[in-house]
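# Analysis of the macromolecular model
Here is how the chains run, residue by residue.
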Amino acid sequence: MNKKLLCISTNWPEANATAAGVRMHELIAIFISQKFEITFAATSKHLEGLHTLNEKGITTRQILVNDPSFDLLLEEITPDIVLFDRFISEEQFGWRVRDILPNALTILDTEDLHCLRALREEQTTSYIKQHKETPYSLFDHTTDLDELNSRGLTKRELASIFRCDLNLVVSSFEMTVLVDHFKVPSHLCLLLPITYPKQHLQAHRASADYHKRSGYFFIGNGLHKPNIDAIKCLYFSIWPLIKKQHKLADIYIYGAYLPQQIHELHKPNIGFHILGEVKDVKTPFTRHRINLVPLRFGAGIKGKILEGLIYGCPHITTSIGKEGMDYTVNWPGKVANKSAEFAQMSVALYQDKAQWEKLNNEGYKLIDQSFERSIYKIKFLEYLTQISNSLEDHRGKNFMGSLLQEQQFQASKYMSLWITEKNKNT
């Protein structure tokens, strides 16, 4: 009999819209290769990504928070493994899984550390308030990890991490934060970045031609705050500096769900084009010459940079953009944390064919060596088997996790039960 996997999320994953969507489809592909029967359950009423899952033969179920119908779903499916898509899903449904199916192996896909991203967002907001004349300039981020310690979001996220049997971490930097700073036991964490099948990586090597490409571009989902901030940074701070040096330059902004405030920045007369959603994600990476990624806050690893490496499109980014991805000495891009430097590097790389082609080749090497799926897939499946075969011993080494499952530490459970009862009487 095939084993069963239940994925629980707040969203239906869209592989062409977000890096998170790419990530979830990657994990699903690994479980499909092992013949798992997969059910994907989400609370979202936005159904865009649901149909892609159905096409892959995955059962989809819409679920409600604070509703006992989810308990019936668990009893119906009886999954061997439950995969939570980000900590909020674990917080909402994890206690029900453990009550109904105490022997199910639980996995949390962190996506990125939300507490780290939130801290950096607050630092960026503070910068905007303090620099009213140049609010969208790039600036150097210094992340004091001790600032995370007392934050409520940090404690909630860490509680979810400790409660799960395994946590998938996408960034080498965030692995260090969890294991070294927060002292999360290393046996609860596995580094599993966004990865790609070898055949996918090799299929696009012929598309990289310097002379056939033109223009700069940015791509990012409009529902993700770091992307909106980056577009404003480009428009107000970086693009005017690029135009001074490269008068005929054009930049093209792609992304699903871009808000009206971004569409209002569409100014073809200054070479700033808002194009919105693109059906085929490879289009901007193969059409344009330089991938501009001026992220001022964020966490995890950046799908837009990885896609650029796949399709042979060099980038300019910030230290935030590069974070957690530098697995080799030769980084295949340029990094700048000041707007003037970012603009200067962008124009210089655009006009330097030899340097462009060098970074292009270095990008292929990095993606092949550090983000090809087969190596990580084997490690992931071997560790899953190891945990499954000794689940009791594995949990016995996680005292903090067992402590957080005691009644006095399950505030989210009892709040949910109270809401459930309240809803019965309304």
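This part is about the overall build of the protein. Counting its regular elements, the protein contains 19 helices and 13 strands. If one aligns the C-alpha atoms of the protein with their principal axes, the spans along those axes are about 65 × 45 × 40 Å. The burial tally for the protein puts 56% of its 426 residues in the buried class. Within the protein, contacts between residues separated by at least 24 positions form 74% of all contacts whose residues are at least 6 apart in sequence. Of the roughly 19,000 Å² that the protein leaves accessible, carbon and sulfur atoms contribute 51%. When the 50 basic and 48 acidic side-chain charges of the protein are each reduced to a single mean position, those positions are 5 Å apart.

This part covers the packing of helix 9 (residues 225–245) against helix 14 (residues 339–351). Remark: helix 9 packs on helix 14, axes separated minimally by 9 Å, with the N-to-C direction vectors making an angle of 45 degrees. One element, helix 9, and the other, helix 14, form an angle in the oblique class. The element helix 9 and its partner helix 14 pack so that their crossing is right-handed. Where helix 9 abuts helix 14, its residues Ser237, Ile238, Leu241, Ile242 and Gln245 lie against Ser339, Ala340, Phe342, Ala343, Gln344, Ser346 and Val347. For the contact of helix 9 with helix 14, a count of residues per class yields seven nonpolar, five polar and no charged.

Below, the discussion takes up the nonpolar core. By size, the foremost hydrophobic cluster in this structure holds 59 residues, and its most contacted members are Tyr216, Ile242, Ile253, Phe272, Leu292 and Leu306. Among the elements of the structure, strand 8 (216–219), helix 9, strand 9 (251–254), strand 10 (272–276), strand 11 (290–293), helix 12 (303–310), helix 14 and helix 15 (353–370) are those that each provide at least two residues to this core. Per element, the largest residue contribution to this core is nine residues, and it comes from helix 9.

Okay, the pairing of strand 3 (residues 59–62) next. Pairing between strand 2 (residues 37–42) and strand 3: four bridges, direction parallel. When the sheet's bridge partners are listed, Phe40 is paired in strand 3 with Thr60. A crossover links strand 2 with its parallel partner strand 3, the connecting element being helix 2 (residues 50–55), and its sense is right-handed.

The next thing to look at is the sheet that holds strand 3. Spatially, seven strands are ordered 3-2-1-4-5-6-7 in an open sheet, and the strand pairing comes out parallel. Single-partner strands in this sheet number two, and they are strand 3 and strand 7 (189–191). Neighbouring strand axes in the sheet, compared pairwise and without regard to direction, differ in orientation by 20 degrees on average. Here helix 4 (residues 87–100) sits on the sheet and contacts strand 1 (4–9), strand 4 (81–85) and strand 5 (105–109); the angle it forms with strand 4, its principal contact strand, is near 155 degrees.

Here helix 1 (residues 19–33) contains 15 residues, and its C-alpha end-to-end distance of 21 Å stays within 8% of the 21 Å for a straight helix at 1.5 Å per residue. Within helix 1, eleven of the 15 residues are buried, which leaves it mostly tucked inside the rest of the structure. Within the sequence span of helix 1, burial applies to Ala20, Gly21, Val22, Arg23, Met24, His25, Glu26, Leu27, Ile28, Ile30 and Phe31.

Time to look at the environment of Gln62. One can find Gln62 in strand 3. Placed 54 residues apart in sequence, Gln62 and Ile8 show a C-alpha to C-alpha distance of 9.8 Å. If we ignore the near neighbours within four places in the chain, the residues touching Gln62 are Trp12, Ala42, Thr43, Ser44, Lys45 and Leu47. At 2.7 Å, the side chain of Gln62 and the backbone oxygen of Ser44 are in polar contact.

Next up on the list: helix 14. Helical geometry: 3.6 residues make up each α-helical turn, so side chains three or four residues apart lie on a common side. Between its first and last C-alpha atoms helix 14 spans 19 Å; for 13 residues at 1.5 Å apiece the expected length is 18 Å, and the two agree. Every buried residue of helix 14 is accounted for by Ser339, Phe342, Ala343, Met345, Ser346, Val347, Leu349 and Tyr350. Of the surrounding secondary structure, the elements contacted by the buried residues of helix 14 are strand 8, helix 9, strand 11, strand 12 (315–317), strand 13 (333–335) and helix 15.

Applying the stated criterion across every chain yields a total of 14 aromatic pairs. Geometrically, the ring pair formed by Phe217 and Phe285 is edge-to-face, given 5.1 Å between the ring centres and 85 degrees between the ring planes. With a gap of 68 residues between them, Phe217 in strand 8 and Phe285 in helix 11 (residues 282–287) connect regions that are remote in the sequence. Each member of the pair, Phe217 together with Phe285, is buried. On the basis of an interplanar angle of 85 degrees and a centroid distance of 5.0 Å, the ring pair of Tyr235 and Phe272 is categorised as edge-to-face.

In this section: the side chain of Asp85. Assignment of secondary structure puts Asp85 in strand 4. Within the local environment of Asp85, its side chain forms a polar contact with the side chain of Ser9, the two groups lying 2.7 Å apart. Dropping the residues within four chain positions of it, Asp85 is found in contact with Ile8, Ser9, Met24, Asp109 and Glu111.

Below, the discussion takes up the pairing of strand 5. Of all five residues making up strand 5, five are buried, and the element is well covered by its neighbours. What you see with strand 5 is no split at all: Leu105, Ile107 and Asp109 on one side and Thr106 and Leu108 on the other are buried throughout. Where strand 4 lies against strand 5, five bridges are found, and the strand directions are parallel. The partner of Val82 across the bridge, within strand 5, is Thr106. When strand 5 meets strand 6 (residues 166–169), the two strands line up parallel, connected through three bridges. The residue of strand 6 that forms the bridge with Leu108 is Asn167.

Here is what the cut-offs are and how they apply
- Residues numbered from 1 in each chain as written.
- Predicted model: local features only at pLDDT ≥ 70, side-chain atom pairs only at ≥ 80, totals over all residues.
- Heavy atoms only, no water.
- Helix = DSSP H or I, 4+ residues; strand = E, 2+ residues; numbered from the N terminus.
- Buried < 20%, exposed > 50% of the residue type's maximum accessible area, 1.4 Å probe, protein only.
- Contact = heavy atoms within 4.5 Å.
- Areas by Shrake-Rupley, 256 points an atom, 1.4 Å probe, with all protein chains shown as cover.
- Lys, Arg positive; Asp, Glu negative; His and termini not counted.
- Charge placed at Lys NZ, Arg CZ, Asp CG, Glu CD.
- Axes fitted to C-alpha atoms, helices over the stretch in contact; angles between N-to-C directions.
- Parallel < 35°, antiparallel > 145°, perpendicular 65-115°, else oblique.
- Left-handed = near helix turned anticlockwise from the far one by under 90°.
- Nonpolar A, V, L, I, M, F, W, Y, C, P; charged D, E, K, R; others polar.
- Core = buried A, V, L, I, M, F, W, Y, C linked by side-chain atoms within 4.5 Å.
- Pairing = 2+ DSSP bridges.
- Right-handed = clockwise from strand over helix to strand, strands pointing away.
- Expected span 1.5 Å × (residues − 1).
- Polar contact = N/O pair within 3.5 Å; in protein donor to acceptor, adjacent residues only side chain to side chain.
- Phe/Tyr/Trp six-rings, centres within 6.5 Å; stacked < 30°, edge-to-face > 60°.

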